[in-house]
Amino acid sequence: MDEGKEQPKKKVVRKVVRKVVTKKTTSAPLKDGDDTSHAAPSKAQVSRRPSPAKSIPPEQKQKIESVARAKVDLEKQAYEYQCHMIRVDNNLTPLEFVSMGACMMPDQYEDVIQERSLAGFCGYPLCTHKLPHSVLEPT
């Protein structure tokens, strides 16, 4: 090391750390030897990151928007299929039922079953039978 340069003293470093830590975490000053690794970083220590919206390239942003639009379109289609399956007079064929069911999530299909049973019909969308009154009455 250069003999002309002096190394900072430990007390000076501890005082600076003590100031930063006491402002953010505690009201009591730290003693020599206290652990400051758990202290929250000060504003000066936190690096400023650019806003995520500004850092996304336009091509990637368009791709994200198109994927989001496609997802919304699929959800709308699944909702239409749910409404169609809930209706009792839908006259679904087994092939239509399978193709509609492939576009739905399990919880969406469970909603169809519940809605049909609340209406007093069998939960299976291809069935048009009414539920017996004993099933509908609360116990």
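Please read all numbers here as calculations on a predicted model, not as lab measurements.

Draft legend 1. Representation of the side chain of Gln108 in the model. Relative to the helices and strands, Gln108 resides in helix α5 (residues 106-118). In terms of polar contacts, Gln108 uses its side chain to reach the backbone amide nitrogen of Met105, at 2.7 Å. The residues contacting Gln108, other than those within four sequence positions of it, are Ala78, Gln82 and Cys103.

Draft legend 2. View of helix α3 (residues 58-86). Its 29 residues give α3 an end-to-end C-alpha distance of 42 Å, which sits within 8% of 42 Å, the value for a rise of 1.5 Å per residue. Among the structural elements, α4 (94-102) and α5 are those in contact with the buried residues of α3.

Draft legend 3. How the structure looks around the pattern of salt bridges. All chains considered together, the criterion is met by two salt bridges. Among the ionic pairs, Glu65 bridges to Arg69, the shortest N-O distance being 3.8 Å. In this pair, Glu65 and Arg69 are both assigned in helix α3, four residues apart and thus about one turn of the helix distant. Classification of Glu65 as partly exposed rests on a relative accessible area of 37%. Note that Arg87 is salt-bridged to Asp89, the shortest N-O span being 3.7 Å. Residue class for Arg87 comes out partly exposed when judged on its relative accessible area of 42%.

Criteria and thresholds
Per chain, residue numbering runs from 1 following the sequence as it is written. A pLDDT threshold of at least 70 governs which residues receive local features in this predicted model, and a stricter bar of 80 or more applies before side-chain atom pairs are shown or counted, although totals over entire chains, interfaces and linings include all residues. As a convention, hydrogens and water are excluded, and side-chain values are obtained from all of the structure's heavy atoms. Each helix corresponds to a stretch of at least 4 residues labelled H or I by DSSP, and each strand to a stretch of at least 2 residues labelled E; elements are numbered beginning at the N terminus. Polar contact is the term for a pair of N or O atoms within 3.5 Å; when the atoms are in protein, one must be able to donate a hydrogen and the other to accept it, and sequence-neighboring residues count only if both atoms are side-chain atoms. Contacts: residue pairs with any heavy atoms within 4.5 Å of one another. Expected helix span is given by 1.5 Å per residue-to-residue step, counting one fewer step than there are residues. The term salt bridge refers to a pairing of a side-chain nitrogen on Lys or Arg with a carboxyl oxygen on Asp or Glu at a separation within 4 Å. Type-normalised accessible area, obtained with a 1.4 Å probe on protein chains alone, sets the label of each residue: buried when under 20%, exposed when over 50%, and partly exposed for intermediate values.

It is worth stressing that arrangement in space is one thing and function is another; only the former is reported here.
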